Amino acid sequence: MSHNKNLLILGLSATVLLLSGCYGAQADSVARDGDTDPIVVVATIPLLADLAKNVGGSLVETHSVVPPGADAHSYQTTPGDSVVISQADLTISNGAGFDDSLIPVLESARPKGAIHVVASEGLDGQSRSEIEGDPHFWQDPLLAIRYVERIRDGLAQADPGNAAHYKKRAQDYTARLRELDREIAGLLDQVPPGRRILITHHQAFSHLAQRYGWQTMALAPGDAGSVTPQAIIQASQIVKDAGLPSVFVEARFRSTALEQVARDAGIMVSPIYAGLGGEANTYVEMMRFNARSLADNLR
Ligand SMILES: [Zn+2]
């Protein structure tokens, strides 16, 4: 493979485009030792690229089609994205309907023979019935570990000579995620049981709730759903009944409806992240930020 030059040129044009306020895939490259090219991983979203970086270390160069902070549900790909995808040894999507809109460009641009991993494969049928249809499985760190296993296997398939390296790093990272799980449980335990209710604009946190025994309510049920007057009334009622001091809004979803609910009840709107962006640069940072935000604003 001789794609380093292309990526360098792409990196340059991405910098220029960044100044003009719109750009496509982001490069996060670390060359591996010696003269071998790194394994190029292109994920649909930054969170999946971060997991791959943790498993691959310096042997991989990771990219995300959707930039940090952008809304994965409505992202429009650019020609620059296709150039990056065309260098991929491994592509990663979330699956379960989350990033379906990006699959056609992944399929058409990626090289023949590149490996593709659907990170959530096998998780869909395991949800309780009330959270079926929430594809943000990573909000449960134990399910994120399942993602890590898929990514590890994909890397081993794309680069069999370094399978032991990926296995070791996946083990180490999994240990960090188990620690993160305990840390989150400890933070969320600070919230009185009657207030363990997370009200958001879009339903992205049902797996977090299920893991830690919380309840969730979203104004818009699915990723494409719209807010109904009934949902606003219901949210206001829950806020009142449980005496919730806060509802939670993602920075990238300006939710005038949820802000109205908070204003009417005289309570706070606090930040939360469904994916990477803003103060959440890595998966671990994001999960920690969310748990702290819930603990600080609901207790
Ligand atoms: Zn979503």
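What this report covers is the structure whose coordinates are included nearby.

Here is what the cut-offs are and how they apply
- Residues numbered from 1 in each chain as written.
- Predicted model: local features only at pLDDT ≥ 70, side-chain atom pairs only at ≥ 80, totals over all residues.
- Core = buried A, V, L, I, M, F, W, Y, C linked by C-beta atoms within 7 Å.
- Buried ≥ 20, exposed ≤ 12 C-beta atoms within 10 Å, placed from the backbone.
- Domains from an automatic or database assignment.
- Contact = placed C-beta atoms within 7 Å.
- Helix = DSSP H or I, 4+ residues; strand = E, 2+ residues; numbered from the N terminus.
- Pairing = 2+ DSSP bridges.
- Right-handed = clockwise from strand over helix to strand, strands pointing away.

This brings us to the nonpolar core. Formed by 73 residues in total, the largest nonpolar core has its most connected members in Val41, Leu48, Leu51, Ala52, Val55, Ile92 and Ile151. Both domains that meet at this core, namely domain 1 (4-183) and domain 2 (191-298), each give it at least three residues. Beyond its immediate sequence surroundings of up to four residues, Leu51 is in contact with Tyr147, Val148, Ile151 and Tyr283.

Residue placement: Leu177 occurs in helix 6 (residues 163-188). Through-space distance from the C-alpha of Leu177 to that of Val284 is 7.6 Å; in sequence the pair is 107 residues apart.

With that settled, the discussion passes to the pairing of strand 3 (residues 60-64). Burial runs high along strand 3: five of the five residues are buried. The side-chain alternation of strand 3 yields two buried faces, one formed by Val60, Thr62 and Ser64 and the other by Glu61 and His63. Alignment of strand 2 (residues 39-43) against strand 3, held across five bridges, turns out to be parallel. Bridging from a neighbouring strand, Ile39 pairs with Val60 of strand 3. Viewed along the sheet, the connection from strand 2 through helix 2 (residues 46-56) into strand 3 turns out right-handed.

Our next topic: helix 2. Given 3.6 residues to a turn, an α-helix orients residues that are three or four positions apart in the same direction. Counting buried residues along helix 2, 11 of its 11 residues qualify, which places the element largely inside the surrounding structure. Taken as a whole, helix 2 has its buried residues at Pro46, Leu47, Leu48, Ala49, Asp50, Leu51, Ala52, Lys53, Asn54, Val55 and Gly56. Looking one or two residues past helix 2, Gly57 carries a phi angle of roughly 60 degrees, positive in sign.

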